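Listed here are the chains, written in short residue letters.
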Amino acid sequence: MDLKEIRENAKKACSKCYVCECCNGRACKGQIPGMGGKDSGESFMRNVEAFKKIKINMGVICENGPIDTDFKWFGHDMSMPIFIAPLAGIKNNYGADMSEYTYNLEAAKGAKLAKIMAFCGDGKDVDTLFVEPFKAMTSVDDRAIITMKPWTKEGVDLRLELIKDQSYACLAMDIDSAGLPLLRNSEIPVENKSVDSLRYIKEKINKPFIIKGIMNVEQAAKAVEAGCDAIVVSNHGGRVCDETLATIEVLPDIAKACQGKVKVLVDGGIRSGYDIFKCLALGADAVLIGRPMGLAIIGGKAEGVKAYVDKLRDELKSVMVMTGCHCLDDITADKVIILK
Ligand SMILES: Cc1cc2nc3c(=O)[nH]c(=O)nc-3n(C[C@H](O)[C@H](O)[C@H](O)COP(=O)(O)O)c2cc1C
C-alpha cells in the first residue's frame, strides 16, 4: 500500500478531517470536536509554520559511511526516534467509523511493524477511552505507552489500579489537558497538577513516567522536581490554548535546561523527516507525531504506519547525508540555522 492510496482511503473515511495536502491547521481552525486548534487555531498553525524559519546547514565533506537512525527508549529498540502520539476520540474528531479499540490495535501493530512505539490516549469515558485503548495496545506487545489525563486523585487512582497488572513500557500524563472544558466539568474532573501530585504518580509505578505538555523552562524544572523520567514539549497540537508559541520555538531552551536530567520529546506540527531533523538538532531526543499518524492508521491500518515511517526515514536519512551525520548523535545545533 502506498501513501497515495492511504490518503485516498483516509479521505473517503473521514467526514471531519479534510485530509489536506499539508496538515497545517488552516482548513480546520477552531474545529473541536474536529481536527483544529483551539479558537483562532493560531497555536496549531504556528507549530507548523515555525519549522519554516529553521533551515538545514548543508555540509557534505566528511567520511563516507552508512546512515543509522536507530534509537533506544528505556531499553526498547526503535528503528527511528518517532512515537505515535496519543489521539483519543477518533469518531468525534476525524469523523471516521473506527472504534477506539481498532484504532489503538492498528496503531500498536503498525508501531511494531515499523519498529517504533505508540502512546494511547484517554478521555472522559474510562471504558471506551482508557481501558479499550490500553487493552488493544497491550494485546500486541509490552511496548505501549499508556497516557492518562490529569484527573483528580480519584481518577488517577482508578486508572493506576486498572493498569497495575499490565505489561507496558511507560506511563505518561498530558498535564496540559487541565483546562479542557468537557473534562473540567465531568463527574471526576481534570485539574492542574502540583509537583507533589505528579510525584505521587511516579512513586506508585515502577515504570518510566513521562510528563506531556511542557512549554517553558520553569515548568520543565517542576517536572524534573516531580521525579519524571521524560517530558514532552507540547501544546497538545494547539488544542488546549490559543496564542501560544510553537513547540519548536520553545524547545531549544527547555532541552538545554533538561540536559542530563530527563529525556526530552517534542510534538506539534512535525510532518517530515526534515522537521524531525530540526527537532533533534535543537535538542530533542525524539518526536511524537499526531494528526498525520492518525490519518495513516485510518487510511492504511498497520501498513499505513509502516509506509509513513518509511517515508520519514527516507527524508531523515537524506538530510543526514547532506549534513554529514551518520547517527542521531551527530545531529547537533550547528546543523541548522534559525532565521531571525
Ligand atoms: C484528535 C486529537 C486527539 C488527541 N487526544 C489526545 C489524548 O487523548 N491525549 C494526549 O495526550 N494528547 C492528545 N492529543 C494531542 C496529541 O497527542 C499531540 O500532542 C498533537 O496532536 C501533536 O500535534 P500534531 O497533531 O500537529 O502532530 C490529541 C490531538 C488530536 C488532534
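Going by the structure above, here's the rest.
Calculation notes
- Residues numbered from 1 in each chain as written.
- Predicted model: local features only at pLDDT ≥ 70, side-chain atom pairs only at ≥ 80, totals over all residues.
- Heavy atoms only, no water.
- Phe/Tyr/Trp six-rings, centres within 6.5 Å; stacked < 30°, edge-to-face > 60°.
- Buried < 20%, exposed > 50% of the residue type's maximum accessible area, 1.4 Å probe, protein only.
- Helix = DSSP H or I, 4+ residues; strand = E, 2+ residues; numbered from the N terminus.
- Near = heavy atom within 4 Å.
- Polar contact = N/O pair within 3.5 Å; in protein donor to acceptor, adjacent residues only side chain to side chain.
- Areas by Shrake-Rupley, 256 points an atom, 1.4 Å probe, with all protein chains shown as cover.
- 1 Å grid on protein atoms, 1.4 Å probe; cavity = no way out; pocket = protein on both sides within 12 Å on 5 of 7 lines; lining within 4 Å.
- Sits in = over half its atoms within 2 Å of the grid points.
- Nonpolar A, V, L, I, M, F, W, Y, C, P; charged D, E, K, R; others polar.

*Asks:* Help me out: how do you make sense of the packing of aromatic side chains in this one?
*Replies:* Geometry of an aromatic ring pair is reported as the spacing of the ring centres plus the angle between the planes. All told, the structure shown has five aromatic pairs when counted by the stated rule. Look at Trp73 and Phe74: their rings are 4.8 Å apart centre to centre, the planes differ by 75 degrees, and that puts the pair in the edge-to-face class. Judged by its relative accessible area of 0%, Trp73 is buried. Given the relative accessible area of 31%, Phe74 is considered partly exposed. With a centroid separation of 5.1 Å and 70 degrees between ring planes, the pair formed by Trp73 and Phe83 is classed as edge-to-face. Note that Trp73 is positioned in strand S2 (residues 71–73) and Phe83 in strand S4 (residues 82–84), a separation of 10 residues in sequence.

*Asks:* Help me understand the site of the ligand, please; the structure alone is not making it clear to me.
*Replies:* Taken together, the neighbourhood of the ligand is formed by 23 residues, with Pro86, Asp267, Arg271, Gly290 and Arg291 sitting nearest. In this structure, His236 approaches the ligand through a side-chain N or O atom, which is 3.3 Å from a nitrogen atom. A distance of 2.8 Å separates an oxygen atom of the ligand from a polar atom in the side chain of Arg271. When the free accessible area of the ligand is taken as 600 Å², the share hidden by the protein chains comes to 98%. When atom positions are compared with the pocket grids, the ligand is found to occupy the largest pocket. Partitioned by chemical class, the residues of the shell around the ligand number six nonpolar, nine polar and eight charged.

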